[in-house]
Amino acid sequence: MSEPSSATAPIVLGVRLRSVLGRIPSLGLKLTPYLLLVLLELVYVSKQPDAFTRLAIGFTVAGGLCLAFAAAGQTIVIMTGGIDLSVGGVISLATVLAATRYHNSSASILAWTVLIVLIGAGAGALNGILLVWLNLQPFIVTLATWSFWSGVAFWILPVEGGLIPQRLLDWVNTNPAGFAVPIWILVVGLLLWMLVRRSALMFRIRAIGSNRDSAYLSGVNVPLTLITAYAISGACAAAGGVFLATQISSGSPNIGDDFILQAVAAVVIGGASLFGGNGSVAASVAGAFVLTLAGSVVFALGFSSQLEGVIRALILAAAIIAVSAGTLIKRRRQGRIA
Amino acid sequence: MHVENPTAQQLAVGDFASRTLEGQRSDLVVEAAVKRYGATVALDGADFRATSGEVHGLLGENGAGKSTLIKILSGAVSPDSGRIELFGREVRFRRPIDAQRAGVRTVFQELSLVPDLTVAENLVFSGTDASTGLLRRPRRLRRHAVKVLDSLGVEGIDPDALAGDLSLQQRQRLEIAKAVTAEPRVLILDEATSALAATEVAWLTQLARDVAAQGAVVLFISHRLPEVRAACTCATILRNGSAVGTYDLGGIGDDLIIQQMLGRKMERLFPDRESQARERVVLETRGFGPVSTSGGADLVLHEGEILGIGGLQGQGQAGLLLALYGAVRAKGDIEVEGRPGRLHSPAQALAAGVALVPEDRGTQGLLLNKSLKENIALGILQQVSRYGVMRRDAEADVARRAIASLQIRASSPRQLAGQLSGGNQQKVLLAKMMATEARVLLLHDPTRGVDIGTKAEIFQTMDELSKRGISIVFFSSDAEELIHVCDRVAVMSHGSVVETLETAGLTEERLLRAAVRGEGK
């Protein structure tokens, strides 16, 4: 394209302006989960002014971090058009391993943390291998492995208990550079996502979710990419489980189950389609904290605990309507059928 | 396609039998229809009138606004402004069901059957018919389907088969049957012939006339002028989102129609082909094909050669291309660049320099909900990423070069592939595979549903590629294309190559004879 002459410059500028303005709805769509998060935080702070302190924010982050991890991994799997129910079993297994295997030394804690995350990645990769080789539905495969890893967790530790070394609990409660450790973990995690967001791997994952046949015919190694996606999900769930163990100071063989559908809900609030093809880990993490804060807000608004489920459901419904309204506007603008 | 027509060339532009609108009864009227998608204007105040009782052609290049006009008439999209009148009454379609209730049935280019329902179920599956709602009695349903298919002359389709298991041609015929059996007042056939064999096109032509004779408005959209001439009495030509005019087809020659469609004179459809084939063999097969089929093809492809794949429909051509690309399990021997050994996946094929432009651009070729840029990048992730991280600049560069070199009509590299017109989607697909820098290009009917201007551009591109030493295997269902574009044509029957013909001096008749003779063996 040649340089615009001075006479056509205003027109060119007009066209550019229109294309910039045209992107606002899709930008707004991307921002919806974050705006929801800010809105909930504002409501929360208006009722509990002391909630906007570094300490309180640290608590909030700690309360939602395990879900954020699970939602991050779930996002990757959902981008392929799949779903990972086994995160429930993997989270439980991770808490149980942490509560029974850690010794009170830095070396032991570090080595076992790495090992647990690798076990999670292996469990995830197993999902991928099973669904690729046996050509099964992700729902069924991960339902089975969820049960399997829950069983393993029960076998290791039949009741909630075990012990998390004091050294680890102390470290989690420190405030390096003035911010609580959970906040640092969150920041590092999000930075990591910024790095991999533009990776060829994520591109392949989205391509598979968008049109698997086309991705295959374009030379994408579909089996390997799927196995990698599920391995990432498993690793994230295991990391979340380790952190969860430090919050409850013990291991529990069924604590992970609550996180399965919550993680999927967080991904939906983050704007990803359950049919695959798109998704953002950062937005899903925001979705996870929307769900976490919703609980706190119900409490802060003074509703009785019996009503908590109903109010949380209403907040969830409002969040999903806000996200899907944005999607609808975008589809209309693109002139797609229905 | 006969672009040269001496009688038509003698006509001056002012001489055409353009229809005057006064005094003409119009049962379908579209006035000043406007539709914008963001910055793209798809329809720019189009006026259009059609009369019941005749089959009315709709002509135009890809992107001229035909698809948008049809979508508006079918209620799939709402116009930004303008009005529609149907049999004297103004109508406003907000959803497809509104149009269906008003009696408009459309056979879309993208087939809309439900793949997991049977043929019989698909025939009655409709939003407007409440009586089929709750209990579907399989036996009655089957009887109904047999009756419908018989009465419309649809042969060779099992009512109990799943729609998803049918071939493209069968699905297309079923789709047509489904639309016609609803007894529409307006029947729209959007590129309904592009997937059909010659005999089936004749069937559709007769069917369209019958439906019109029963008092319906029939709109017939095709890129193949001979088909339009056979089916229609008159045609409206669209260009750049508005109607150029409506003409009685008896009084206008092909050259002038094409000139009106393009807004300029077209040089020619086929390039002046001089064989670029060199001595060196880049691809050789013996008894090669998918494991699941009979026969096996013996092929020799030289450097810079365009090798046509011909034969009757469904003689294993599609499977052969997929097998060459490593996308299905293959049997037989194959050597690529002198190296024996089969390709086990498209990834391996691409690494070996073999690329495929697949049959169905929507379900196999493109990611319709991703941008043009992303679609092109998908085939060349190694090139546009460094240390596993995508390089935006490289990605955008490749896309911009593709848009420029193939003259893809898109508002920006960020435009979604699904928003482009069919011909432009095909160009994106070709660009994507050219970007892989493959030495062997396998093309599966790349001109299916593509307008004449784009066809000429695709043939031109193929010619240029072969001059650069790239070898092309070109499967086409159009004998004329094979003769004019290829250096040699391999005629297939039952999965085997029965004869390989030089195209110099080859006639369509000779090609057909080879195909039919192979059939007899």
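Residues numbered from 1 in each chain as written. Chains lettered and ligands numbered in written order. Predicted model: local features only at pLDDT ≥ 70, side-chain atom pairs only at ≥ 80, totals over all residues. Heavy atoms only, no water.

Examining the overall build of chain A
Item 1. Along the backbone of chain A there are 14 helices and zero strands.
Item 2. Each helix and strand of chain A, placed in order from N terminus to C terminus, yields the pattern α-α-α-α-α-α-α-α-α-α-α-α-α-α.
Item 3. Within the span of chain A, comprising 338 residues, buried residues form 48% of the whole.
Item 4. For chain A, contacts bridging at least 24 residues in sequence account for 79% of all contacts bridging at least 6.
Item 5. When the accessible area of chain A is evaluated, it comes to approximately 16500 Å², of which 70% is carbon and sulfur surface. (Helix = DSSP H or I, 4+ residues; strand = E, 2+ residues; numbered from the N terminus. Buried < 20%, exposed > 50% of the residue type's maximum accessible area, 1.4 Å probe, protein only. Contact = heavy atoms within 4.5 Å. Areas by Shrake-Rupley, 256 points an atom, 1.4 Å probe, with all protein chains shown as cover.)

Considering helix α5 (residues 138–151) of chain B
Residues and elements named next belong to chain B.
Item 1. Given a rise of 1.5 Å per residue, 14 residues ought to cover 20 Å, and the 20 Å separating the end C-alpha atoms of α5 matches this to within 8%.
Item 2. Residues Leu 141, Ala 145, Val 148 and Leu 149 constitute the buried set of α5. Down the axis of α5, the buried set is contained in an arc of 95°. They therefore lie on one face. In α5, the exposed positions that point more than 90 degrees away from the buried face belong to Arg 139, Arg 140, Arg 143, Lys 147, Asp 150 and Ser 151.
Item 3. Elements that come into contact with the buried residues of α5 comprise α4 (119–124) and α6 (168–181).
Item 4. Looking at the residues trailing α5, positive phi occurs at Gly 153, about 75°. (Expected span 1.5 Å × (residues − 1). Arc of directions from axis to C-beta.)

What to know about the sheet that holds strand β16 (residues 354–357) of chain B
Picture the strands of a sheet paired through backbone hydrogen bonds; they go either parallel or antiparallel.
All names here are of chain B.
Item 1. The strand order across the open sheet built from six strands is β16-β19-β20-β13-β21-β22, with neighbouring strands paired in mixed fashion. A single partner strand is all that each edge strand has here, and the edge strands are β16 and β22 (496–502). Each strand of the sheet is rotated relative to its neighbour by a mean of 20°, with strand direction disregarded.
Item 2. Pairing geometry for strand β13 (residues 306–311) and strand β21 (residues 488–493), over five bridges, is parallel. Along β21, the bridge assignment pairs Gly 311 with Met 492.
Item 3. Sheet strands touched by helix α15 (residues 422–435): β16 and β19 (440–444). Its angle to β16, the strand with the most contacts, is close to 175°.
Item 4. Across the sheet, helix α16 (residues 452–467) lies against β13, β19 and β20 (471–475), angled at about 150° from β20, the strand it touches most. (Pairing = 2+ DSSP bridges. Axes fitted to C-alpha atoms, helices over the stretch in contact; angles between N-to-C directions.)

Some words on unusual backbone geometry
Residue and element names in this part refer to chain B.
Item 1. The phi torsion at Asp 445 lies on the positive side, around 40°, for a residue other than glycine.
Item 2. When its relative accessible area of 11% is taken as the criterion, Asp 445 is described as buried.
Item 3. A positive phi angle, close to 45°, is found at His 494, a residue other than glycine.
Item 4. Along the chain, His 494 falls in the loop between β21 and β22.

Focus on the confidence of the model for chain B
Residue and element names in this part refer to chain B.
Item 1. Per-residue confidence for chain B averages 84 on the pLDDT scale, and 91% of its residues sit at or above 70.
Item 2. Taken element by element, the predicted model of chain B shows its lowest mean pLDDT in helix α1 (residues 6–9) (36) and its highest in β20 (95).
Item 3. For the stretch residues 1–17, pLDDT sits under 50, and the model shows 34 contacts to residues farther than four places along the chain or on other chains.
Item 4. Predicted complex metrics record ipTM = 0.74 and pTM = 0.75. (pLDDT = per-residue confidence, 0-100.)

Focus: the packing of aromatic side chains
Item 1. In this structure the tally under the stated criterion is four aromatic pairs over all chains.
Item 2. When the centroid spacing of 4.9 Å and the interplanar angle of 80° are considered together, the rings of Phe 148 of chain A and Trp 149 of chain A count as edge-to-face.
Item 3. On the basis of relative accessibility, which here comes to 49%, the residue Phe 148 of chain A falls in the partly exposed class.
Item 4. Aromatic ring contacts, followed pair by pair, group Phe 270, Phe 459 and Phe 474 of chain B into a single cluster.
Item 5. We note Arg 54 of chain A situated over the ring of Phe 179 of chain A; from NZ or CZ to the ring centre the distance is 5.0 Å. (Phe/Tyr/Trp six-rings, centres within 6.5 Å; stacked < 30°, edge-to-face > 60°. Lys NZ or Arg CZ within 6 Å of the ring centre and 35° of its normal.)

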